[in-house]
Amino acid sequence: QVQLVESGGGLVQPGGSLGLSCAASGRIFSINFMGWYRQAPGKQRELVAYIDRSGGINIVDSVKGRFTISRDNAKNTLYLQMNNLNPEDTAVYYCRAQVASGPSRHYVDYWGQGTQVTVSS
């Protein structure tokens, strides 16, 4: 009933930038938490940054100062601007959202399919 679709991944040189988007669609009444996670080969999936509906933000120390998270509630869209990328940022980036489909505000977790970010010379 709800789909999250990430876009914007690709290949970039060290020091470069990429912007990711996550568009939520389907039966959406409201969205609470939205966040970005990433998973490198052989590693566990880890939180990168999240933002709540009122704009409260948390960003992990490893990307703080380089990445910026934002959202457009009217468009049900989440963004991640990534600057000064390094090879350690290489991973599949996933969007996660807590979505309520009706006024009962029962929130359910949804995940996107992921988008590949590769930082290499």
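Please refer to the structure higher up on the page.
How each quantity is defined
- Residues numbered from 1 in each chain as written.
- Predicted model: local features only at pLDDT ≥ 70, side-chain atom pairs only at ≥ 80, totals over all residues.
- Heavy atoms only, no water.
- Helix = DSSP H or I, 4+ residues; strand = E, 2+ residues; numbered from the N terminus.
- Rg over C-alpha atoms; globule rule 2.2 N^0.38 Å.
- Contact = heavy atoms within 4.5 Å.
- Areas by Shrake-Rupley, 256 points an atom, 1.4 Å probe, with all protein chains shown as cover.
- Lys, Arg positive; Asp, Glu negative; His and termini not counted.
- Charge placed at Lys NZ, Arg CZ, Asp CG, Glu CD.
- Pairing = 2+ DSSP bridges.
- Axes fitted to C-alpha atoms, helices over the stretch in contact; angles between N-to-C directions.
- Buried < 20%, exposed > 50% of the residue type's maximum accessible area, 1.4 Å probe, protein only.

Draft legend 1. Geometry of the overall build of the protein. Helices and strands together make up the secondary structure of the protein, namely zero helices and 11 strands. In sequence order, the secondary structure elements of the protein are arranged as β-β-β-β-β-β-β-β-β-β-β. In summary, the protein has a C-alpha radius of gyration of 14 Å against a globular reference of 14 Å for 121 residues, a match within 12%. Structurally, the protein occupies a C-alpha span of about 50 × 25 × 25 Å along its principal axes. The contacts in the protein between residues at least 6 apart in sequence include a share of 57% that link residues at least 24 apart. By element, 47% of the accessible surface of the protein is carried by carbon and sulfur atoms, the whole surface being about 6300 Å². Placing the 11 positive and 8 negative side-chain charges of the protein at their respective mean positions leaves the two points 6 Å apart.

Draft legend 2. Inspection of the sheet that holds strand β3 (residues 18-26) at higher detail. Ordered in space as β1-β3-β8-β7, the four strands form an open sheet in which the pairing is antiparallel. Either end of the sheet is taken by a strand with one partner, and the two such strands are β1 (2-7) and β7 (67-72). Between one strand axis and the next, the sheet turns by 15° as a mean value, whatever way the strands run. Where β3 and strand β8 (residues 77-82) come together, six bridges link them in antiparallel fashion. Each residue of the ladder has a partner; that of L20, found in β8, is L80.

Draft legend 3. View of the environment of S21. For S21, the position within the fold is in strand β3. On the basis of relative accessibility, which here comes to 23%, the residue S21 falls in the partly exposed class. Here the alpha-carbon distance between S21 and S7, two residues 14 residues apart in the chain, equals 5.3 Å. Ignoring anything within four residues of it in the chain, the contact list for S21 reads V5, E6, S7, W36, L78 and Y79.

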